[in-house]
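The primary structure of each chain is shown beneath.
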Amino acid sequence: MVNKVVLIGNAGQDPEVRHLDSGVSVANFNLATNETYKDKSGERVTQTEWHRIVLWRGLAEVAEKYVKKGELLYIEGRLRTRSWDDKDGIKRYTTEVYADSMKMLGKKSDQADGSGSEHAVESEGPGMEVSENDDLPF
C-alpha cells in the first residue's frame, strides 16, 4: 500500500512551532495549492485548496527559521487523519500532511521573474534525523 502526497504551494502563514517537553520540535502551517481552469463560458477560474502541514524535529527547526508566509514550497509526505472530542463532546476529525521532505522554492514574487532559489531539506519521518543537501545557503 502507498500513502504519498506531493504538493507545491504557498505557505498561508508563518509556521507555528512548539517545542515539546522531550525537546522535540513540531511545526504546523497551512499550504495553499491552486488549480486554474476555464469554465463552460470560457472564464478562467482559480480554485484554492488548503492543506495542513506538520513538520517534525529538524524539518520543524528549518521551517521555524526560514519559512515565511507566501514562501513557495515543495512538500512530500503522507496523509494522517486524527480525531478528538471538542468542548461539547462532539468528535472532530482533521487530515494533515506529515512531511518527510521540504524544498524551499522561493517566494511567490520570486517565481514571476524566474529568480526563485531552491533549497532542499529531507527527513525520513518523525523518528529520523534530518539530512541537508550540501548546496544549502544556511
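Residues numbered from 1 in each chain as written. Predicted model: local features only at pLDDT ≥ 70, side-chain atom pairs only at ≥ 80, totals over all residues. Heavy atoms only, no water.

## Description of the confidence of the model for the protein
Argument step 1. Per-chain confidence: the protein averages 83 in pLDDT, with 77% of residues scoring 70 or above.
Argument step 2. Within the protein, no element has a lower average pLDDT than strand β8 (residues 130-132), which sits at 38, and none a higher one than strand β1 (residues 5-11), at 96.
Argument step 3. Residue range residues 111-119 is modelled with pLDDT below 50. Its contacts to residues more than four positions away, or to other chains, number 19 contacts.
Argument step 4. Within the model, pLDDT remains below 50 along residues 124-138, and this stretch shows 32 contacts once partners closer than five positions in the same chain are excluded. (pLDDT = per-residue confidence, 0-100. Helix = DSSP H or I, 4+ residues; strand = E, 2+ residues; numbered from the N terminus. Contact = heavy atoms within 4.5 Å.)

## Regarding the environment of asparagine 30
Argument step 1. Mapping asparagine 30 onto the fold places it in strand β3 (residues 25-38).
Argument step 2. Asparagine 30 sits 39 residues away from lysine 69 along the chain, and the two C-alpha atoms are 9.5 Å apart.
Argument step 3. In contact with asparagine 30, other than residues within four places in its own chain, are Asn10, Ala11, Gly12, Gln13, Trp50, His51 and Arg52.
Argument step 4. Polar side-chain contacts of asparagine 30 include one of 3.5 Å to the side chain of arginine 52. (Polar contact = N/O pair within 3.5 Å; in protein donor to acceptor, adjacent residues only side chain to side chain.)

## Describing the packing of aromatic side chains
Argument step 1. Evaluated as defined, the whole model comprises 1 aromatic pair.
Argument step 2. Between tryptophan 56 and tyrosine 98 the ring centres are 6.3 Å apart and the planes differ by 40°, which places this aromatic pair in the tilted class. One end of the pair, tryptophan 56, is in strand β4 (residues 44-56); the other, tyrosine 98, is in strand β6 (residues 91-107), and 42 residues separate them in sequence.
Argument step 3. The ring of tyrosine 98 carries arginine 80 above its face, with NZ or CZ at 4.5 Å from the centroid. (Phe/Tyr/Trp six-rings, centres within 6.5 Å; stacked < 30°, edge-to-face > 60°. Lys NZ or Arg CZ within 6 Å of the ring centre and 35° of its normal.)

## Concerning the nonpolar core
A general tendency of soluble globular proteins is for nonpolar side chains to be buried together.
Argument step 1. Membership of the largest hydrophobic core comes to 19 residues, with the highest contact counts inside it found for Ile53, Leu55, Leu73, Ile75 and Met102.
Argument step 2. Where this core is concerned, the elements lending two or more residues are β1, β3, β4, α1 (57-66), β5 (71-85) and β6.
Argument step 3. In contact with leucine 73, other than residues within four places in its own chain, are Leu7, Ile8, Gly9, Ala11, Phe29, Leu31, Val67, Met102, Lys103, Met104 and Leu105. (Core = buried A, V, L, I, M, F, W, Y, C linked by side-chain atoms within 4.5 Å. Buried < 20%, exposed > 50% of the residue type's maximum accessible area, 1.4 Å probe, protein only.)

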